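# Fold and geometry: a report
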Amino acid sequence: MGPSSLSSAMTEQPVADQGAPAEAPLYAVVVVHSHLEHKVSSPEDTSPEAEEEDHLTRAFHYLVPEAMRAEIRIGQLVWVPFGSRYLQGVVAGFDERSPVEETREIDKIADPEPILSPIHLQLARWISEHYLAPLHLVILSMLPPGITQSVDIIVSAVPEVEPATVTKAQGELLALLRQKGPLTMRQIIRLSKRKDARAVVNQLVGHGWASKRAEVRPPRARPKLVPVVRARAGLRPDDLPSRSPRQRQALEYLRQRGDEWLPLTSAASEAGVPPAVLRALADKGLLELAQRQVWRDPLEGHAFVPVVPPRLTPEQDAAWQAIAEDLARPAGRPFLLHGVTGSGKTEIYLRAVQQVLAQGRSAIVLVPEIALTPQTVRRFGARFPTTIAVMHSHLSPGERYDQWHRLRAGELRLVVGSRSAIFAPLRDLGLIVLDEEHEWSYKQEKTPHYHAREVAVRLASLAGATCILGSATPDLESAYRAERGEYVHLHMPQRIMGHRHILEEQAAQLGRAQERYQSAEPGLEETMYTELPPVEVVDMRAELRAGNRSIFSRSLAKGIEVALAAGEQIILFINRRGEATFVMCRDCGHVLKCPRCDLPLTYHSAVDDLICHHCNYKTFVPPQCPSCWSGRIRYFGTGTQRVEELVRQAYPRARVVRWDLDTTGGKLDHERLLDQFIKGEADIMVGTQMIAKGLDLPMVTLVGVIAADTTINLPDFRSGERTFQLLTQVAGRAGRSILGGKVIIQSYTPQHPAIQAASKHDYAAFYAREIAFRREHWYPPLSRLVQLVYTNANAAAAQREAEKLHRILTLKIARLGLAEVGLIGPAPAFFSRLRGKYRWQLLIRGTDPAALLRDMHLPLGWRVDVEPVSLL
Ligand code: ADP
Ligand code: ZN
Ligand code: ZN
């Protein structure tokens, strides 16, 4: 047995050549992973050591036993001996020859139904090549975690072996095994009452007196189920119960809904009858009743979800026509659906899903984070209650496992989930939707560093599916591709839409009149419109000149008081990376930048130096502003973490919560805080990036951005884009309820193009400026980057290693004559010390920079991120 590369000789069919003699051996290339053993893998472990351990080639040739030939398929999960261990692996291909002489046999097929389809295997290879990630890690990230966890270790005594001398403990356990037969590890611990049972079993196995094998355990948990109903098919008018008007009414309603399954409680309330009426109808056999999965919804009871598709507006319809045509005949070009929050994009996704399901195909809808997009998830759930699988991080392994099986069996055909849901085992995939396609969370932070958007585009083309990327602030990369015609650009109007019913519901709940939304589209009674919220940009330099040294401008302070007095809610937005220290002139807003990279320099107090984290340019802090000669040139960015404290001091009677997913504290804590805020138990929420995401909070009428400068001045070429996206999304949080809202952005550089464009909701202006900047400096999307990060406990060693790789790559570039490929750095990474270790980074830039590394084995300690979303 030896490592095999997945060679081109490898085939996807077990019988490659009909002419080959029947007795010719057949080898399967099996991708094994130690995590497919009994060990529970920890997805959080992104430490370099954990990655290093896995960066070994893990594809091996195994002989397919004669008896297994008829059943073995590509993509199957099999059990194989591996050294002294017994592991699971996935069949990635077949071969007639083995690169090594001693080849062991596949022990057995774990599941006759392939765990990965041929399309998914092709996708895995593409990810592995494109992102320079080991194939076994790619495959592992495609599989449901349940598979890696539902394995029991079975121990049995080896018969006819009489050990001469045994310890007391060894003797006891051997006797136990002989008496009871094979036992699981857990049973042994329970029966022997020995705490050291595991170690003793290992001794027995080591001596060859006992053997261990792993066995798949059935899933432990099932998803929570709720009752759903629909009218029995083929009901005739005379089947309607004549004596009960309420039953008649309910049945009439459900009959109109066709064969769609509806949750019992919502169907009852929509039909205007108590649930008992529906149960009575089910008892009479007029309704069908079944059980389906549900999910937690923090906004339950706080927002109404329309189940009946509304008529599309003309703008929606134009976009929909283009998509519908592609669903009928996929042309292979993804759609970029660009429309402000509330322009009706989700309604289009819903249509597309409906169409695909009606064709008997399946669909994947990706959202950045389930917990932050409850409304979106609910809308899909309400419309497709019986075909939907919601994949979120709170599912237990058992639930995941179960869902995965139901998807593979075709029982469920719609997946709504975050990043890894892109790998859901769906058949006949017809549609992939990526909502909020610009979100960074679509990029995986650990190996494989894939971007779900790129994977989605690739998967859609492999499967012949339609792909829709939706956003209010498309990623520059996507907008650039749309500009070049690689994507089809669909634009939706720059105004916010509301459903009349939802708005009325909201008005009733809040006890206020609905006056902001107007009906504007003749003939569309359900559709209401409002303008985007006003955005005020406050010049903090002027505040300072006027003697206001507080972090609250006069305008923001006033806004907070007004909102508090009206009993409305406020969100104050701070930057998580508040520790970023750049140097800025408080009088003119000038920021010191690297002359080579045009990116802000970072101040390091230890050496009292300014440094560029891209190219390692160093300089001293000037005593005066080079732009206006003011002496008030300061380090900036510290202290923003204190916003909560300052808010409490300034408004002692306001109830303040801080919501920050990035700081310590469990996820459930944050959800509790969010619930608190939604229920109106707090007045002010202080939070980071996270709060800018999908939530609609009707009572929030003021959103304040404390210091837009901290985001703008991060030393990353995407900081302008990031700021624009954040500000635009933050602004979107304020404007969607009937109460209206207002946004206040505070900044020392109010004239910054990203701030200006965001305040005017002007994507086109932002794009034009930003793409010019990228072109000038040859940053992505004009070029591509590979980020190499080296981590070491010793600072000098980290630097030496980075410089060494720089020399090697420089030589290689020269040898290959790759004039267009360039190196940036090496330089200490922005977060130069992480978990007590030093990090240095090196960037490769070119049109295909990964090509430089494809045939190279990087030394341990290096992390490779192809097309990184952040350089910090
Ligand atoms: P987006 O996904 O772009 O944020 P949504 O699809 O959520 O936009 O639409 C915003 C609001 O308008 C939602 O409440 C939705 O139910 C409603 N809506 C969308 N399209 C229509 C329509 N054609 N008629 C009436 N209401 C609509
Ligand atoms: Zn100045
Ligand atoms: Zn530089």
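Residues numbered from 1 in each chain as written. Chains lettered and ligands numbered in written order. Predicted model: local features only at pLDDT ≥ 70, side-chain atom pairs only at ≥ 80, totals over all residues. Heavy atoms only, no water.

### Brief notes about the overall build of the chain
- For the chain, the count of helices and strands is 26 helices and 35 strands.
- Taking contacts inside the chain between residues at least 6 apart in sequence as the whole, the part at least 24 apart equals 77%.
- Roughly 37200 Å² of accessible area belongs to the chain as shown, and the carbon and sulfur atoms make up 51% of that amount. (Helix = DSSP H or I, 4+ residues; strand = E, 2+ residues; numbered from the N terminus. Contact = heavy atoms within 4.5 Å. Areas by Shrake-Rupley, 256 points an atom, 1.4 Å probe, with all protein chains shown as cover.)

### A look at helix H15 (residues 452–463)
- Compared with the 16 Å implied by 1.5 Å per residue over twelve residues, the 16 Å span of H15 between its first and last C-alpha is a close match.
- Taken residue by residue, H15 has Ala452, Arg453, Glu454, Val455, Ala456, Val457, Leu459 and Ala460 as its buried positions.
- On its buried face, H15 is in contact with helix H2 (118–130), strand E13 (362–366), strand E16 (429–434), strand E17 (466–471) and helix H16 (476–483).
- At the C-terminal side of H15, Gly464 shows a positive phi close to 70 degrees. (Expected span 1.5 Å × (residues − 1). Buried < 20%, exposed > 50% of the residue type's maximum accessible area, 1.4 Å probe, protein only.)

### Comments concerning the sheet that holds strand E25 (residues 609–611)
- The strand order across the open sheet formed by three strands is E24-E25-E26, and the pairing between neighbours is antiparallel. Either end of the sheet is taken by a strand with one partner, and the two such strands are strand E24 (602–604) and strand E26 (618–619).
- With two bridges connecting them, E25 and E26 associate as antiparallel partners. Directly across from Leu610, in E26, lies its bridge partner Thr619. (Pairing = 2+ DSSP bridges.)

### Quick word on the site of ligand 1
- What surrounds ligand 1 is a group of 21 residues, the closest being Arg311, Gln316, Gly342, Thr346 and Arg379.
- One of the backbone N or O atoms of Lys345 is found 2.9 Å from an oxygen atom in ligand 1.
- Burial of ligand 1 by the protein amounts to 94% of the accessible area it has alone, namely 550 Å².
- Of all the elements in the fold, those that place two or more residues in the shell around ligand 1 are helix H12 (345–358) and strand E19 (496–499).
- Among the residues forming the shell around ligand 1, the class breakdown is five nonpolar, ten polar and six charged. (Near = heavy atom within 4 Å. Polar contact = N/O pair within 3.5 Å; in protein donor to acceptor, adjacent residues only side chain to side chain. Nonpolar A, V, L, I, M, F, W, Y, C, P; charged D, E, K, R; others polar.)

### Concerning the nonpolar core
- Counting residues in each nonpolar core, the largest one holds 87 residues, and the members touching the most others are Ile72, Ile106, Ile127, Ile139, Ile422 and Leu788.
- With six residues, the top contributor of residues to this core is H15.
- Judged by nonpolar contacts, the second largest core, of 37 residues, contains Leu476, Leu697, Ile712 and Val743. (Core = buried A, V, L, I, M, F, W, Y, C linked by side-chain atoms within 4.5 Å.)

### Comments concerning the coordination of the zinc ion (ligand 2)
- Coordination of the zinc ion (ligand 2) by the protein is provided by Cys585 (SG), Cys588 (SG), Cys625 (SG) and Cys628 (SG), with metal-donor distances spanning 2.3 to 2.4 Å.
- Considering all four donor atoms around the zinc ion (ligand 2), the spread of angles at the metal, 106 to 112 degrees, places the coordination shape in the tetrahedral class. (Donors = N, O, S within 2.8 Å, 3.2 Å for Na, K, Ca; no water. Tetrahedral: all angles 85-135°; square planar, octahedral: opposite > 155°, others 65-115°.)

### What about the sheet that holds strand E28 (residues 656–659)?
- Reading across from one edge, E21-E31-E30-E22-E29-E28 is the order of the six strands in this open sheet, with parallel pairing throughout. Edge strands, defined here as strands with exactly one partner in the open sheet, are strand E21 (535–539) and E28. The average undirected angle you get between the axes of adjacent strands in this sheet is 20 degrees.
- Where strand E22 (residues 569–573) meets strand E30 (residues 700–705), five bridges bridge the pair, whose relative direction is parallel. Along E30, the bridge assignment pairs Ile571 with Val703. (Axes fitted to C-alpha atoms, helices over the stretch in contact; angles between N-to-C directions.)

### Looking at unusual backbone geometry
- In this structure, Pro781 follows Pro780 across a cis peptide bond, with omega equal to 10 degrees.
- Note on placement: Pro781 falls in the loop between helix H25 (763–777) and strand E32 (784–792).
- With an omega dihedral of 5 degrees, the bond running from Gly825 to Pro826 counts as a cis peptide bond.
- As for its placement among the helices and strands, Pro826 is situated in strand E33 (residues 822–834).
- Residue Asp428 is not a glycine yet carries a positive backbone phi of 45 degrees.
- Of note, Asp428 is situated in the loop between strand E15 (414–417) and E16.
- Residue Trp629 is not a glycine yet carries a positive backbone phi of 65 degrees.
- Looking at the secondary structure, you find Trp629 in the loop between E26 and strand E27 (633–636).

### Digging into the packing of aromatic side chains
- By the definition in use, this model includes ten aromatic pairs.
- An aromatic cluster is defined as three or more aromatic residues linked by ring pairs; in this entry it consists of Phe724, Tyr763, Phe766 and Tyr767.
- Against the face of Trp440 rests Arg722, its NZ or CZ located 4.2 Å from the ring centre. (Phe/Tyr/Trp six-rings, centres within 6.5 Å; stacked < 30°, edge-to-face > 60°. Lys NZ or Arg CZ within 6 Å of the ring centre and 35° of its normal.)

### Remarks on the packing of H2 against helix H3 (residues 135–142)
- Orientation of H2 relative to H3, taken along the N-to-C sense of each, is 130 degrees, at an axis distance of 9 Å. In terms of orientation, H2 lies oblique with respect to H3. Seen from above, H2 lies across H3 with right-handed handedness. On the side of H2, the interface is formed by His120, Leu121, Leu123, Ala124, Arg125, Ile127 and Ser128, while H3 contributes Leu135, Val138, Ile139 and Met142.
- Residues belonging to the contact of H2 with H3 are distributed by class as follows: eight nonpolar, two polar and one charged. (Parallel < 35°, antiparallel > 145°, perpendicular 65-115°, else oblique. Left-handed = near helix turned anticlockwise from the far one by under 90°.)

### A few points about the confidence of the model for the chain
- Taken over all residues, the pLDDT of the chain has a mean of 82, while the share at 70 or more is 84%.
- Of the regions scoring below 50 in pLDDT, residues 16–20 engages in three contacts with residues more than four places distant in sequence or in other chains.
- Every residue in residues 35–57 is under pLDDT 50, and counting partners more than four places away or in other chains gives 44 contacts. (pLDDT = per-residue confidence, 0-100.)

### Description of the packing of helix H9 (residues 264–271) against helix H10 (residues 275–283)
- One way to put it is that H9 packs onto H10 with a least axis distance of 8 Å and a crossing angle of 110 degrees. With respect to H10, the element H9 is oriented roughly perpendicular. Residues Leu264, Ala267 and Ala268 of H9 form the contact with H10, whose participating residues are Pro275, Leu278 and Arg279.
- Looking at the contact of H9 with H10 residue by residue, the classes come out as five nonpolar, no polar and one charged.

### Examining the pairing of strand E1 (residues 27–32)
- Among the six residues that make up E1, six are buried, leaving the element largely enclosed by the rest of the structure.
- Burial along E1 is two-sided: Tyr27, Val29 and Val31 facing one way and Ala28, Val30 and Val32 facing the other are all buried.
- Here E1 runs beside strand E2 (residues 59–63); their pairing, made up of five bridges, is antiparallel. Along E2, the bridge assignment pairs Val31 with Ala59.

### Topic: the environment of Gln569
- Here Gln569 is to be found in strand E22.
- C-alpha of Gln569 to C-alpha of Asp683: the two residues are 114 residues apart in sequence and 4.9 Å apart in space.
- Beyond its immediate sequence surroundings of up to four residues, Gln569 is in contact with Phe677, Gly680, Ala682, Asp683, Met699, Val700, Thr701 and Leu702.
- Polar side-chain contacts of Gln569 include one of 2.7 Å to the backbone oxygen of Phe677.

### Describing the environment of Asp107
- With respect to the element layout, Asp107 can be found in the loop between strand E4 (85–95) and strand E5 (108–111).
- For the pair formed by Asp107 and Val80, sequence separation is 27 residues and the distance between their alpha carbons is 5.2 Å.
- Non-local contacts of Asp107, meaning those with residues more than four positions away in its chain, are made with Met68, Trp79, Val80, Pro81, Tyr86 and Arg213.

### What to know about helix H8 (residues 245–256)
- Counted at 1.5 Å a residue, the expected span for H8 with its twelve residues is 16 Å, and the 17 Å between its end C-alpha atoms agrees.
- The set of residues buried in H8 consists of Gln247, Ala250, Leu251, Tyr253 and Leu254. Angularly, the buried residues of H8 cover 160 degrees about the axis, an arc narrow enough to put them on a single face. Facing away from the buried side of H8 by more than 90 degrees, the exposed set consists of Pro245 and Gln256.
- Two residues or fewer after H8 comes Gly258, characterised by a positive phi angle close to 70 degrees. (Arc of directions from axis to C-beta.)

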